[in-house]
Amino acid sequence: MKKVFFFLLITFLLLTGCEKKNETIEIEESKYGIAKLDSQRDYVYFETLQSINCKACTDYDLQYAYINLNSDSVANINLEIKNFVNTSYQAMVFEEEFVQGRLFHYDYFINEKYITLIQDYSYFIESIPRDINSRIYVVNKETGRLISNADLLKEKEMTEEDLFSFILNLADLEDSLFVLSILKQDGYQLYFNQKMDLILRYYERDNDDVIKRELLVR
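Keep in mind that what you see is a predicted model, and the values were worked out from it rather than measured.

> Explain the pattern of salt bridges to me, using residue names and the numbers behind them.
Considering all chains together, one arrives at seven salt bridges under this definition. For Glu155, the salt bridge goes to Lys113, with nearest N and O atoms at 3.1 Å. In this pair, Glu155 sits in helix 3 (residues 149-155) while Lys113 sits in the loop between strand 4 (97-110) and strand 5 (114-125), placing the two residues 42 residues apart along the sequence. You can call Glu155 partly exposed: its relative accessible area is 28%. In this structure Lys113 comes out as partly exposed when scored by relative accessible area, which is 39%. Counted as one network, the salt bridges with shared partners bring together Asp120, Arg201 and Glu214.

> Describe unusual backbone geometry, listing the residues and the values that go with them.
A positive phi angle is found at Asp131, which is not glycine, with a value near 50 degrees. Counting through the fold element by element, Asp131 comes out in strand 6 (residues 128-140). Despite not being glycine, Glu157 shows a phi value in the positive range, around 55 degrees. By secondary structure assignment, the location of Glu157 is in the loop between helix 3 and helix 4 (160-168). The class of Glu157 is exposed, set by a relative accessible area of 71%.

> Could you give an account of the sheet that holds strand 7 (residues 189-192), naming the residues involved and the relevant values?
Reading across the sheet, the three strands line up as 7-8-9 and stay open at both edges, with antiparallel pairing between neighbours. Only two strands of the sheet have a single neighbouring strand rather than two, namely strand 7 and strand 9 (210-216). Strand-to-strand twist of the sheet, defined as the mean angle between neighbouring strand axes without regard to direction, takes the value 25 degrees. Sheet topology note: the strand 8 (residues 198-205)/strand 9 ladder contains seven bridges and is antiparallel. Following the sheet pairing, Glu204 is matched in strand 9 by Ile211.

> So, the nonpolar core: which residues are in play, and what are the values?
Judged by nonpolar contacts, the single largest core of 29 residues is most densely connected at Ile67, Leu103 and Phe104. Secondary-structure elements contributing two or more residues to this core are strand 1 (44-54), strand 2 (57-67), helix 2 (72-90), strand 4, strand 5 and strand 6. The leading source of residues in this core is strand 2, at seven residues. Not counting the four nearest positions on each side in its chain, Leu103 is found in contact with Cys54, Cys57, Tyr60, Met92, Phe98, Asp120, Tyr121, Ser122 and Phe124. Phe164, Ile167, Leu190 and Leu198 belong to the second largest nonpolar core, which has 28 residues in total.

> An account of the pairing of strand 7 is requested, with residue identities and associated values reported.
Going residue by residue along strand 7, you find Gln189 and Tyr191 tucked away on one face and Leu190 and Phe192 tucked away on the opposite face as well. Direction of pairing for strand 7 relative to strand 8: antiparallel, over a ladder of four bridges. Residue pairing for strand 8: Leu190 is matched across the bridge by Leu200. Where strand 7 folds back onto strand 8 in an antiparallel hairpin, the turn is made up of five residues, including Met196, whose phi is positive at roughly 70 degrees.

> Can you lay out the packing of aromatic side chains for me, pointing to particular residues and giving the numbers?
In the structure shown here, the tally under the stated rule is 11 aromatic pairs. On the basis of an interplanar angle of 70 degrees and a centroid distance of 6.0 Å, the ring pair of Phe94 and Phe98 is categorised as edge-to-face. Ring geometry for Phe164 against Tyr188: centres 6.4 Å apart, planes inclined by 80 degrees, an arrangement best described as edge-to-face. With Phe164 in helix 4 and Tyr188 in the loop between helix 5 (176-186) and strand 7, this pair connects stretches of sequence that are 24 residues apart. On the basis of relative accessibility, which here comes to 15%, the residue Tyr188 falls in the buried class. By the ring-pair criterion, three or more aromatic residues cluster together here, those being Tyr45, Tyr64 and Tyr66. For the cation-ring pair, Lys36 lies above Tyr43, with the distance from its terminal atom to the ring centre recorded as 4.6 Å. Between Lys82 and the ring centre of Tyr64, over which it is positioned, the NZ or CZ distance is 5.2 Å.

Criteria and cut-off values
Residues numbered from 1 in each chain as written. Predicted model: local features only at pLDDT ≥ 70, side-chain atom pairs only at ≥ 80, totals over all residues. Heavy atoms only, no water. Salt bridge = Lys/Arg side-chain N within 4 Å of Asp/Glu carboxyl O. Helix = DSSP H or I, 4+ residues; strand = E, 2+ residues; numbered from the N terminus. Buried < 20%, exposed > 50% of the residue type's maximum accessible area, 1.4 Å probe, protein only. Pairing = 2+ DSSP bridges. Axes fitted to C-alpha atoms, helices over the stretch in contact; angles between N-to-C directions. Core = buried A, V, L, I, M, F, W, Y, C linked by side-chain atoms within 4.5 Å. Contact = heavy atoms within 4.5 Å. Phe/Tyr/Trp six-rings, centres within 6.5 Å; stacked < 30°, edge-to-face > 60°. Lys NZ or Arg CZ within 6 Å of the ring centre and 35° of its normal.

Shown next, in the form of structure tokens:
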């Protein structure tokens, strides 16, 4: 009888311990109150505004991109993207088909901690892309907060000076001083890919061309 009582007591304690552990995990996961707005969708999804025919594109859909989290920061990002797409659509020039205006392309990366959404855009005139640029949004999945370049560097235990030193000492660059001048004068973008690699993006611009460059930092 004592053995049975002892076994039941141990079983009860183990079950109680598991319940408390699960409760702790649930509290930690929901302490910021951040979750998907739509549990049936991925963390990034798209909606088509208009299908467009043009010489520069085939079966092109002008789309909105949404980050699927219930935070104020994300709501502002989604609104900014939607307004930018709407404004661009209203400014497009059509002559039976699209001939001039801004077109978009999206990439996104999702890892354990962050969501990265990249909105690339180019202004097309007679099928020639101009004004090539991008907007990059990196959001913390737990807090729902938009992350700055400084925060991204901090995640990799780096400062901006560390980043500049990395550029100067990168053997693959033909002219590291030129690249460094671009970063300081024109700015740069950072993001995490799905492997949590830190990626640096910048643009080389001259009178005739724009070239997008990316470097794996760490």
